[in-house]
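# Architecture at a glance
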Amino acid sequence: MPNEILIRNVYPADPDLAPQTRPRPTDILVRDGRIAAVEDGIQAPDAEVIEGDRAIAVAGMVDSHRHVWQTAIRGVAADWSLADYVREIRVGYATAYTPEHIYLANLAGALEALDTGVTTLCDFSHLMNSPAHAEAAIQGLTDAGIRGVFCYGFYDVPARERAFASHDDRLRHAEEVAQSFRATAGPLLDFGVALTEFGLVGPDVTDRELAFARRHDALITLHVGTFGSPHGIADLDRRGRLGPDMLHVHANMCGDDELERLVASGGGLSITPETEMQMGMGWPVTNRLIEAGGLPSFGVDIASNIGGDMLTQMRLALQTARAIDNQKVLDQGIVPDRIGLTVRDALRFGTEGGARAMRMGGEIGTLRKGARADIALFATGGLNMMPMGDPVAMLLLESRPGDAVTVLVDGRVVKRDGRMVGVDLAGLREKLDRAFGEIADRVAESRDTAAGSSNAYARVVKRATGTD
Ligand SMILES: [Zn+2]
């Protein structure tokens, strides 16, 4: 007998539907992990029923760029530039993590994502300090039950105890992880690769990382168009290395021609508006990517700085893109008559856009029949949601992340009636508080020895900021 869940009485927030001023609730049938129907009055006598109570139903949101391991050091980067971040985290906090710390961070970070209706993550995991760190990172995501791609980072963290003698050593370890991935990771996770930043390594090393990834048909994610690699896309294109298997991140310093090359290559782009604007990376390129014919996707980026929900990132990206467009008109001495981007565009980028960027287009990021049943219900009983208007507009600009009351991943309920299923929140809080303290203590100790100041990344920062 098929495994069925009937979600009753919900307003679908579907970017394909025209704006509705008086929306009518409908039903969603989930069968064997997929969306079987979205229509009125579904009869499914054997189905488990979830009473939607006029919640907004949206496809699980997709975060195409997050360093989930930083969930264990929340708040530290609140007033930092990107240069601060590199100095303090990439060559500082990163050196202090134990495998237990990255496990807890990945578990809690992925759970937080699910808690707010984000059902898929691209985890850029550049904290592979030892084989045990990799194992723990994968286990954390697996135990949380999130969908996603675990991207093995090759970055040479300047940890005190070095587990890898050389880059070749790392490649050998990555090979082991890739080989055993299907047996160790949960069924919702794929193996991917996070390239070492250009500028830290030469093109020969990048080529070895790329060859490894392509041998495994792994998603390749990389930071580009930021300091250290302002024209990384052009460089890759010149060397014939761009491809549809690439998920680029940021690209703020890239020229329009580079964005066109990215789009022509079939690769995706993750825009992380909040960190890009705070940390001095430049304006988010949402408008420019659309001009180039691309489909944006969004990411939270660093959990050491900001919350893990995607509503905030969609809002920031949308309003920033509108502001940039509007300013072009204002610069002509007139005021805009209309604005361009819509809430539907932003929702599409935060769902379908992420899915396509992660090579999961059609399978997730949509409420269409046949898609995997990754669905979030946002309650509409709060004062912020009265009276009920167009579901997409209400979700994007009126709702709160905490309104996510029920969340399904692959047809499995991970949050129900406002509570995460099977999660010991009090216990997790204790463990995370302890982990944060341990990491901070270890960082303070290593500060005395000035560890990391001679690291290649620290030198790149000095050059980029003109402080060398
Ligand atoms: Zn990043």
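This is a predicted model, so every value here is computed, not measured.

Here we take up the nonpolar core. If you look at the biggest cluster of nonpolar residues, it comprises 121 residues, and the most contacted ones within it are Y97, F150, Y152, F191, F378, L395 and Y457. Counting the residues that make up this core, at least three belong to each of domain 1 (4-58 + 370-420) and domain 2 (61-357). Every residue in contact with F191, bar those within four places of it in the chain, is listed here: V149, F150, Y152, A174, V177, A178, F181, F212, A218 and L219. Counting 17 residues, the second largest nonpolar core, distinct from the first, contains I7, A57, A371 and L377.

Our focus in this paragraph is the packing of aromatic side chains. Evaluation of the coordinates by the stated rule reveals seven aromatic pairs. A centroid spacing of 5.2 Å and a plane angle of 90 degrees characterise the contact between W69 and Y97, whose relative ring orientation is edge-to-face. Within this pair, whereas W69 is found in the loop between β5 (61-67) and α1 (82-96), its partner Y97 is found in the loop between α1 and α2 (99-115), the two being separated by 28 residues in sequence. Accessibility expressed as a relative area gives 2% for Y97, which makes it buried. Ring centres of F191 and F212 lie 6.2 Å apart, and the angle between their planes is 85 degrees; on these two criteria the pair is classed as edge-to-face. With F191 in strand β8 (residues 189-194) and F212 in helix α5 (residues 203-215), this residue pair connects regions lying 21 residues apart in the sequence. The same class applies to F191 as to F212, namely buried. Put simply, the rings of F150, Y152, F154, F181, F191 and F212 pair up and form one aromatic cluster. The ring of Y155 carries the charged tip of R90 above its face, separated from the ring centre by 4.2 Å.

The strand order β3-β2-β1-β4-β14-β15-β16-β17 describes an open sheet built from eight strands, whose pairing is mixed. At either margin of the open sheet sits one strand with a lone partner, and together these are β3 (34-39) and β17 (419-420). Across five bridges, the pairing between strand β1 (residues 4-12) and strand β2 (residues 26-31) is antiparallel. Within the sheet, the bridge partner assigned to I5 lies in β2 and is V30. Packing of helix α12 (residues 391-398) onto the sheet brings it into contact with β1, β4 (48-59) and β14 (375-378), and relative to β4 it is tilted by some 75 degrees.

Moving on, we get to the coordination of the zinc ion. The protein atoms donating to the zinc ion are H65 (NE2), H67 (NE2), H223 (NE2) and D301 (OD), with metal-donor distances spanning 2.1 to 2.7 Å. Coordination geometry of the zinc ion: the four donor atoms subtend angles of 83 to 170 degrees at the metal centre, consistent with an arrangement described as irregular. The sequence motif formed by the donor residues of the zinc ion is H-x1-H-x155-H-x77-D. By the burial criterion, H65 is buried, and H67 matches it.

With respect to the helices and strands, the residue H133 is situated in helix α3 (residues 131-144). If we skip the residues at most four places from it in the chain, H133 touches Y97, T98, P99, I102, L127 and M128.

So, on to the domain arrangement of the protein. Annotation of the protein at the domain level lists domain 1 (4-58 + 370-420) and domain 2 (61-357). Relative placement of domain 1 and domain 2: their C-alpha centres are 28 Å apart. Taken residue by residue, the interface counts 32 residues in domain 1 and 22 residues in domain 2. Buried area between domain 1 and domain 2, both sides added, is near 2200 Å², and the carbon and sulfur share of it is 64%. Run the count over domain 1 and domain 2 and you get five salt bridges. Linking D115 and K415 is a salt bridge whose minimum nitrogen-to-oxygen distance equals 2.7 Å. Our count for the domain 1 to domain 2 interface comes out at eleven residue pairs in polar contact (both at pLDDT 80 or more). The set of elements that each furnish at least two residues to the side of domain 1 that touches domain 2 consists of β14, α12, β15 (404-409) and β16 (412-416). A breakdown of the residues in the side of domain 1 that touches domain 2 according to their chemical character gives 20 nonpolar, two polar and ten charged.

Analysis parameters
Residues numbered from 1 in each chain as written. Predicted model: local features only at pLDDT ≥ 70, side-chain atom pairs only at ≥ 80, totals over all residues. Heavy atoms only, no water. Core = buried A, V, L, I, M, F, W, Y, C linked by side-chain atoms within 4.5 Å. Buried < 20%, exposed > 50% of the residue type's maximum accessible area, 1.4 Å probe, protein only. Domains from an automatic or database assignment. Contact = heavy atoms within 4.5 Å. Phe/Tyr/Trp six-rings, centres within 6.5 Å; stacked < 30°, edge-to-face > 60°. Helix = DSSP H or I, 4+ residues; strand = E, 2+ residues; numbered from the N terminus. Lys NZ or Arg CZ within 6 Å of the ring centre and 35° of its normal. Pairing = 2+ DSSP bridges. Axes fitted to C-alpha atoms, helices over the stretch in contact; angles between N-to-C directions. Donors = N, O, S within 2.8 Å, 3.2 Å for Na, K, Ca; no water. Tetrahedral: all angles 85-135°; square planar, octahedral: opposite > 155°, others 65-115°. Buried area = accessible area lost by both parts, 1.4 Å probe. Salt bridge = Lys/Arg side-chain N within 4 Å of Asp/Glu carboxyl O. Polar contact = N/O pair within 3.5 Å; in protein donor to acceptor, adjacent residues only side chain to side chain. Nonpolar A, V, L, I, M, F, W, Y, C, P; charged D, E, K, R; others polar.

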